[in-house]
Amino acid sequence: MLQRIKRIANSIGMKFFIILVSLLAVAFGVIIYTNVYFLTDHFRKDAVRNAVKVSNLIKRATYYSMLENRRCDLTNTIANIGKEPEFRGVRIYNKLGVIAFSDKPEEVGKVADKRAEQCYVCHTEEPAKGVVPTKDLTRTFRVDDGYRVMGLISPIENSPECFNAACHAHSSQGSLLGILDVKLSLQDGDERIIATRNKMILYSVFLILITVLVKGYFIYRMIHNPIKKLNDATKEVANLNLDYKVDIKSNDELGNLAKSFNAMTAHIRQEASELEKAQSQLIMAEKMASMGELSAMVAHEINNPLSGILSYARVSSRYLERGSGDPEALESVRKNLAFISEETKRCGNIVKSLLIFSRRGSGDFKNEHLNAIVENSIMVIDHSVKMKELHLTQEFNCDNDLIRCDPGGIQQVFVALIVNAMEATPQGGTVGITTECDGQNENITIKVSDTGRGIPDHILPHIFEPFVSTKTKGTGLGLSVVYGIVKQHGGSIEVTTTEGKGTVFIIILPRIPLVSQNSETM
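Predicted, not measured: the structure shown is a model, and the values here were computed from it.

(A) Spotlight on the overall build of the protein chain. Along the protein chain, the regular secondary structure elements total 12 helices and 12 strands. Classification of the 522 residues of the protein chain by burial places 36% in the buried group. Within the protein chain, counting contacts between residues at least 6 apart in sequence, those at least 24 apart form 68% of the total. A total accessible area of about 31,500 Å² is found for the protein chain, and carbon and sulfur atoms account for 57% of it.

In structure tokens:
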């Protein structure tokens, strides 16, 4: 399960999907932030404009009350305005900083602190600023209930109507009579901004989810599945399944890649078929070349038994022509006939082994005893070994020598290696064949060794290549054919050599080759 999760996480489709989700989240986040920012800024500007309008409206509503000094009317007007839910405070300061009127009666007569938020704008330095821009006359702060409040300081300026009034006189020298301080609640606007922001987030999440699902489906169908099919196809081709085809029906790049892949496997399949035919012809050519060499060996091998058979047959014929009933003569005839029978059987076995070797390999795999194949191979060339006065040793260390193979092909391997060992070994040398089983009893190791001259270092890396040989005569195809047959059985072949001391060919064959398993399951 963990490996499947890792494989999915490392896939191109998943990486593309994660990048897409990240880009969508970032894009919608930027959109939400921008919209909320501009909405808040627009609301703040509207709030400032509304606060200025409300402040001007209050000043106009109280203008004549202040002009005629009707304090009672002025107090009631301020109190009634302050009862509206949007107002958090309405105050009028005189020029000395004393609260002259307020919607909260308990504040009247109190002196404002110059460090308070409503005074700090003008009194950041002394003497106080004469003219303050409108944008600096507003302030925003939070109250105990957590909502924001906007305060606006609006100056009440001296005018001719004021300093010429009969009810009370103001000096014409002063430009400022007092300050109107209005505090407006921003709760309603903040709630609308928060609601709008939450809706935008909710809608964005919904849109992201819908987009991700739709895009994820198309990524899965158009990217993940085709890439997975191509990946599976490469694994099948790596396992030599050249009949596998990629089923991608699209006209995009992946579809073109699938078509090219199928065309490539078809071409490789055709080339492999032609190569297999060429290899088969090569094996037969090498076998026919080897037959010429083996014919001479077999002729010598059969010549001696035939000479003995002829001699003993003549002697027995003379005994029988005499018509003598001598027991000794009859016993000699019986022994001669037994010798003739044994030698005839020996000739038959030699010819049988030669026929097995010369038979065209069909590539059919069946269960055979490896030791028997080795013995048949030795029987073909045993006489040549004796004629050259070589010592041929056999050591079978594998109790269970049953193996599934092509007997003719394996015998061709052994005959070729033994003949090469004989030709490389001087008179009196030793040629050895050893078989061993591995610990799991799944493979059999065969070693063909000699005490000959060895293989030169410059030839050793190319020893299994066609037309490479250390002999003056021969096609140079023997070891390349051996290599092909061993590989055909799913095995391996290696060589170790020391010049002047000898060579060892090491063959490892599986008991059940992969090619045999494939042929049985097809």
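What follows picks up the thread again.
(B) Structural detail: the confidence of the model for the protein chain. Confidence in the prediction for the protein chain averages 78 pLDDT; 78% of positions are at 70 or higher. For the protein chain, per-element mean pLDDT is lowest for helix H12 (residues 514–521), which scores 46, and highest for strand E12 (residues 502–510), which scores 93. Within the model, pLDDT remains below 50 along residues 515–522, and this stretch shows 6 contacts once partners closer than five positions in the same chain are excluded.

(C) Just the environment of Asp 457, in detail. Within the element layout of this structure, Asp 457 appears in the loop between strand E10 (443–450) and helix H11 (478–488). Note on Asp 457: relative accessible area 58%, which makes it exposed. Sequence separation of Asp 457 and Glu 499 is 42 residues, and the distance between their C-alpha atoms is 8.2 Å.

(D) Geometry of helix H2 (residues 12–61). The end-to-end C-alpha distance of H2 is 72 Å, a good match for the 74 Å that 50 residues give at a rise of 1.5 Å each. In this structure, the buried residues of H2 make contact with helix H4 (71–82), strand E1 (87–94), strand E3 (138–142), strand E4 (148–157), strand E5 (176–185) and helix H6 (187–238).

(E) How the structure looks around the side chain of Asp 450. Relative to the elements of secondary structure, Asp 450 occurs in strand E10. With sequence-adjacent residues up to four places away left out, Asp 450 is seen in contact with Ala 421, Thr 425, Thr 430, Val 431, Lys 501, Gly 502 and Thr 503.

(F) Examining the state of the cysteines more closely. A full pass over the atoms with the stated rule returns 1 disulfide. With a sulfur-sulfur separation of 1.5 Å, Cys 398 is cross-linked through a disulfide to Cys 437. In this pair, Cys 398 sits in the loop between strand E7 (391–396) and strand E8 (402–405) while Cys 437 sits in strand E9 (residues 430–437), placing the two residues 39 residues apart along the sequence. A relative accessible area of 27% means that Cys 437 is categorised as partly exposed.

(G) Fine view of the sheet that holds E1. If you trace the 5 strands from one edge of the open sheet to the other, you get E2-E1-E5-E4-E3, paired in antiparallel fashion. Only two strands of the sheet have a single partner each, and these edge strands are strand E2 (99–102) and E3. Strand after strand, the sheet turns through a mean of 20° between neighbouring axes, direction not considered. When E3 meets E4, the two strands line up antiparallel, connected through 5 bridges. Bridged to Thr 140 within E4 is Met 150. Packing against the sheet, H2 makes contact with E1, E3, E4 and E5, and its axis sits at approximately 40° to E4.

(H) Broad picture of H6. Its 52 residues give H6 an end-to-end C-alpha distance of 71 Å, which sits within 8% of 76 Å, the value for a rise of 1.5 Å per residue. Residue Tyr 220 marks the point of greatest curvature in H6, where the axis turns by about 40°. Just beyond H6, the residue with positive phi is Leu 240, at close to 70°.

(I) Local environment of unusual backbone geometry. The phi torsion at Glu 389 lies on the positive side, around 55°, for a residue other than glycine. Assignment of secondary structure puts Glu 389 in the loop between helix H9 (370–387) and E7.

(J) Main features of the packing of helix H10 (residues 407–424) against H11. For the pair H10 and H11, the least separation of the axes is 10 Å and the interaxial angle reads 145°. The handedness of the crossing between H10 and H11 is left-handed. Where H10 abuts H11, its residues Gly 409, Ile 410, Gln 412, Val 413, Ala 416, Leu 417 and Asn 420 lie against Leu 479, Val 481, Val 482, Ile 485 and Val 486. Considered class by class, the residues forming the contact of H10 with H11 number 9 nonpolar, 3 polar and no charged.

The rules behind these values
Residues numbered from 1 in each chain as written. Predicted model: local features only at pLDDT ≥ 70, side-chain atom pairs only at ≥ 80, totals over all residues. Heavy atoms only, no water. Helix = DSSP H or I, 4+ residues; strand = E, 2+ residues; numbered from the N terminus. Buried < 20%, exposed > 50% of the residue type's maximum accessible area, 1.4 Å probe, protein only. Contact = heavy atoms within 4.5 Å. Areas by Shrake-Rupley, 256 points an atom, 1.4 Å probe, with all protein chains shown as cover. pLDDT = per-residue confidence, 0-100. Expected span 1.5 Å × (residues − 1). Disulfide = S-S within 2.5 Å. Pairing = 2+ DSSP bridges. Axes fitted to C-alpha atoms, helices over the stretch in contact; angles between N-to-C directions. Bend = angle between axes of the 7 residues up to and from the residue. Left-handed = near helix turned anticlockwise from the far one by under 90°. Nonpolar A, V, L, I, M, F, W, Y, C, P; charged D, E, K, R; others polar.

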